[in-house]
Structures are given as C-alpha cells and as structure tokens.
Amino acid sequence: MNLDSLSFTLSQISYLVANLTKKNYKQSTQELSYLVALYSLEADRHLLRCLFSHIDFSAEGSKTSSSKDFHQIQLLVQECVALLTKPTLISNLCYALDNPLHHQKTLRPSAQLFPQLSKVLKLTPVQEVVFALALLHSSNPDTQNFASQFVKLKLPDLIRSYIDTGKFSSCGLILCRETYFIRSVFMGLLLVQLF
C-alpha cells in the first residue's frame, strides 16, 4: 500500500495517541509535537480528533491514573490549553467534536456534553465558556443548541465572579493577559452570534 507523507503522518498520529502509556508518554508527545509542527493544520486537527475519540466521556466514575484513557486525557488537557491561543480554536474544536472516529460512542450532543467535557478536561470557568462559545459554530444543530444553553447558564456566573473578585476596575478591564484574552474572545464570538 502506498501512502503519501500526510496520510502516513495522520496514521502515525492515530497510532501514537491510541498507544500512549506512562512508559512512552514523553517520547510520544515529543513525536506528536514534531509531526504537528511539520504538517500544521491537518495534523493539529487530526491530533485533537484522535484525542477526543479515545476518551470515554460517559458520566461513569472519575478519571484516575489507572483509567485506560488517562494518558490521552492528560495530553488532551495540554492540547486544549494550547488551543485557546490558536486562531484555529473554533474550526479545530468543532471538527474534532463533530467528526469523532468511529469507535467513539460517548461524545454525543446532550445536556451532559459540556459538564462532562469540563469535568474530564478540568476546564476553568473561562475555558468552559470559551469552548461553549466556540461550539456555537458546530455543524451539528444539537451541539449548537446545547452550547447555547451552556453559555446562557455559565456566562452570567463567570462575569459575576470577575466583578465580585475585583478583576474589573472602575475604569474598565484591568489589562492583564488573561482578562484581555477573555475580553477579546467574548467580544469576537458574541459579535458573530449577534450578526
């Protein structure tokens, strides 16, 4: 069988994600980083898709180091933090969740999707809202609907918590890196929703 280099790379990413263990974690993540840097968007998107597809998002039990998908979760948490700073946040996240690999059976649009994502990936309140805002652009109408409900539930609490903790000053936002990023994401995504 003849594979072009991109197909081979995507197959290698799938293999590395499926076979992550404590023993090979460092070496595999380094190779994954190299492949993503080499093939950019397609490899990055495929890595997210593979990670989301290899994790059990069912509500059963908490994830411990003995869970079969512990190392995939660990890597996905890192990738999600990095994803927040990438311009491909919306497209890559929507693609990964809208197009899971065939063996993923627990990542389906439902009222529990966002709480489960938040729990498994240990998302902060800001990350929860950003992910839900991003998934308003999903190609799946059910995902859009549940994302909208989640934003309506969580965004007021997030804003209230920022006001209560003094992260807003009397003259506007304090321009630290996190609040500037949050403001930019909120404004951009909310403007898209309004128009």
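Being a predicted model, the structure only gives us computed values, none of them experimental. (Residues numbered from 1 in each chain as written. Predicted model: local features only at pLDDT ≥ 70, side-chain atom pairs only at ≥ 80, totals over all residues. Heavy atoms only, no water.)

### Remarks on the nonpolar core
If you look at the biggest cluster of nonpolar residues, it comprises 52 residues, and the most contacted ones within it are Ile 13, Phe 52, Leu 76, Phe 114 and Leu 117. Elements with a minimum of two residues in this core: helix H1 (5-18), helix H2 (25-53), helix H3 (70-83), helix H4 (89-98), helix H5 (113-121), helix H6 (125-134) and helix H7 (141-164). Once residues within four sequence positions are removed from consideration, Leu 117 is found in contact with Phe 52, Phe 57, Leu 97, Leu 107, Lys 122 and Leu 123. (Core = buried A, V, L, I, M, F, W, Y, C linked by side-chain atoms within 4.5 Å. Buried < 20%, exposed > 50% of the residue type's maximum accessible area, 1.4 Å probe, protein only. Helix = DSSP H or I, 4+ residues; strand = E, 2+ residues; numbered from the N terminus. Contact = heavy atoms within 4.5 Å.)

### Topic: H1
Taking 1.5 Å per residue as the helical rise, H1 with its 14 residues ought to reach 20 Å, and the 20 Å between its terminal C-alpha atoms agrees with that figure. Among the residues of H1, Thr 9, Leu 10, Ile 13, Leu 16 and Val 17 are the ones counted as buried. Looking down the long axis of H1, one finds its buried residues gathered within 125° of arc, a one-sided arrangement. On its buried side, H1 packs onto H2 and H3. Sitting at the head of H1, Asp 4 places a side-chain oxygen 3.0 Å from the backbone nitrogen of Leu 6. (Expected span 1.5 Å × (residues − 1). Arc of directions from axis to C-beta. Polar contact = N/O pair within 3.5 Å; in protein donor to acceptor, adjacent residues only side chain to side chain.)

### Considerations on the packing of aromatic side chains
Counted according to the given criterion, the structure contains two aromatic pairs. With a centroid separation of 6.0 Å and an interplanar angle of 25°, the aromatic rings of Phe 52 and Phe 57 are classed as stacked. Residue Phe 52 is classed as buried on the basis of its relative accessible area, which comes to 1%. Since its relative accessible area comes to 3%, Phe 57 is described here as buried. Of note, Arg 45 hangs over the ring of Tyr 95, and the distance from its end group to the ring centre comes to 4.9 Å. (Phe/Tyr/Trp six-rings, centres within 6.5 Å; stacked < 30°, edge-to-face > 60°. Lys NZ or Arg CZ within 6 Å of the ring centre and 35° of its normal.)

### Things to note about H6
One turn of an α-helix holds 3.6 residues; hence residues three or four places apart share an orientation. By the criterion of burial, H6 is predominantly enclosed, with nine of the ten residues buried. Among all positions of H6, only Val 126, Gln 127, Glu 128, Val 129, Val 130, Phe 131, Ala 132, Leu 133 and Ala 134 are buried.

### Here's the deal with the side chain of Gln 104
Within the secondary structure, Gln 104 sits in the loop between H4 and H5. A polar atom in the side chain of Gln 104 sits 2.8 Å from the backbone oxygen of Ile 55. Contact partners of Gln 104, with chain neighbours within four places excluded, come to Phe 52, Ser 53, His 54, Ile 55 and Phe 57.

### Here's the deal with the pattern of salt bridges
Taken as a whole and judged by the stated rule, the model has three salt bridges. A salt bridge links Arg 160 to Asp 157, with the shortest nitrogen-to-oxygen separation between them at 2.7 Å. Here the residue Arg 160 and the residue Asp 157 both occupy positions in helix H7, the gap between them amounting to three residues, near one helical turn. Taking relative accessible area as the criterion, Arg 160 reaches 44% and is therefore assigned partly exposed. (Salt bridge = Lys/Arg side-chain N within 4 Å of Asp/Glu carboxyl O.)

### Here's the deal with the packing of H1 against H2
As a packed pair, H1 and H2 sit with axes 9 Å apart at the nearest point and diverge in direction by 95°. Considering their axes alone, H1 and H2 lie roughly perpendicular with respect to each other. From H1, Ser 5, Leu 6, Thr 9, Leu 10, Gln 12, Ile 13, Ser 14, Leu 16 and Val 17 reach across to H2, where they touch Ser 28, Glu 31, Leu 32, Leu 35, Tyr 39, Glu 42, Ala 43, His 46, Leu 47, Cys 50 and Leu 51. (Axes fitted to C-alpha atoms, helices over the stretch in contact; angles between N-to-C directions. Parallel < 35°, antiparallel > 145°, perpendicular 65-115°, else oblique.)

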